[in-house]
Amino acid sequence: DTGVSQDPRHKITKRGQNVTFRCDPISEHNRLYWYRQTLGQGPEFLTYFQNEAQLEKSRLLSDRFSAERPKGSFSTLEIQRTEQGDSAMYLCASSLLGQGAKNIQYFGAGTRLSVL
Amino acid sequence: KNQVEQSPQSLIILEGKNCTLQCNYTVSPFSNLRWYKQDTGRGPVSLTIMTFSENTKSNGRYTATLDADTKQSSLHITASQLSDSASYICVVSVMDSNYQLIWGAGTKLIIKP
């Protein structure tokens, strides 16, 4: 499978616990994005990496959220001290710089987080 | 403020019928417009992408149009199939931005047999 993969697909946690999600992008893609999506809404941008550098973070990304892409390949998104409002689908996407203005993002299936 | 609005919010049609989904945007400066299909519980999948100079793009039974003057786009689905049931999201990319995509809320399409 050469698409974007995310793990786990589902995560149920209690309020206050920490969770970590992983994203493996398409192998030759140098850009990686994290989005959050709630029911009935389009994805909301959280952050993106170009290779291992985190170039932008949304104001949605509170201090409890941290993302890394240590070797420019896979990425992790950690949420500390989870709150019920963190319940959402977390989507990862990757793209290849150099494809011109189109910069098509390919999405993974997402990790659905439920905070009880 | 950069915004993308889609209509209708939801749509139910019978299998085999055609339908058209609408997207209006106020995004500046405009780079390109994309339509994504998102099945329930899955990530979005790109259907079409159009730059300023393109006013129509087809992908099988899906045809997207773009009117850059009125800032409107439509996605036409021909001879709908049960597998077309999904959310269809209009996304506009901002010029000179490395990442910023402005997402619509989507149209939820249900195809009934």
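Now for a quick tour of the structure. Everything quoted here is computed from the prediction, not taken from an experiment.

### Details of the interface of chain A and chain B
Frequently, the measure chosen for interface size is the accessible area that the parts lose on association.
Then comes step 1: Counting residues at the interface gives 22 residues for chain A, matched by 21 residues for chain B.
Then comes step 2: Summing both partners gives a buried area of about 1700 Å² for chain A against chain B, and 53% of it is carried by carbon and sulfur.
Then comes step 3: Our count for the chain A to chain B interface comes out at 0 salt bridges.
Then comes step 4: Taken together, the connections running from chain A to chain B amount to 4 residue pairs in polar contact (both at pLDDT 80 or more).

### Here's the deal with the nonpolar core
All names here are of chain B.
Then comes step 1: Counting residues in hydrophobic clusters, the biggest one holds 26 residues, and the most contacted among them are Val4, Tyr25, Leu33, Trp35, Leu75 and Tyr88.
Then comes step 2: In terms of residue count, strand β9 (residues 86-94) provides more of this core than any other element does, 5 residues in total.
Then comes step 3: Residues within four places of Val4 in sequence aside, it is in contact with Cys23, Asn24, Tyr25, Val27, Cys90, Val92, Ile102, Trp103 and Gly104.

### Considering the state of the cysteines
All names here are of chain A.
Then comes step 1: Inspection of every chain in the model, using the stated rule, returns 2 disulfides over all chains.
Then comes step 2: What pairs with Cys23 in a disulfide is Cys92, and their sulfur atoms sit 1.8 Å apart. Across the disulfide from Cys23 to Cys92, rotation about the S-S bond amounts to roughly -70 degrees, and the bridge is consequently left-handed. Placement of the pair is Cys23 in strand β3 (residues 19-24) and Cys92 in strand β9 (residues 88-95), with a sequence separation of 69 residues.

### Some words on the pairing of strand β11 (residues 111-115) of chain A
Residues and elements named next belong to chain A.
Then comes step 1: Side-chain alternation along β11 places Thr111, Leu113 and Val115 on a buried face and Arg112 and Ser114 on a face that remains uncovered.
Then comes step 2: Bridge count for strand β2 (residues 10-13) against β11 is 4 bridges, and the pairing is parallel. Bridge assignment links His10 to a residue of β11, and that residue is Arg112.
Then comes step 3: The sheet contact formed by β9 and β11 spans 3 bridges and is antiparallel. Paired with Met89 across the two strands is Arg112, which belongs to β11.

What counts as what
Residues numbered from 1 in each chain as written. Chains lettered and ligands numbered in written order. Predicted model: local features only at pLDDT ≥ 70, side-chain atom pairs only at ≥ 80, totals over all residues. Heavy atoms only, no water. Contact = heavy atoms within 4.5 Å. Buried area = accessible area lost by both parts, 1.4 Å probe. Salt bridge = Lys/Arg side-chain N within 4 Å of Asp/Glu carboxyl O. Polar contact = N/O pair within 3.5 Å; in protein donor to acceptor, adjacent residues only side chain to side chain. Core = buried A, V, L, I, M, F, W, Y, C linked by side-chain atoms within 4.5 Å. Buried < 20%, exposed > 50% of the residue type's maximum accessible area, 1.4 Å probe, protein only. Helix = DSSP H or I, 4+ residues; strand = E, 2+ residues; numbered from the N terminus. Disulfide = S-S within 2.5 Å. Pairing = 2+ DSSP bridges.

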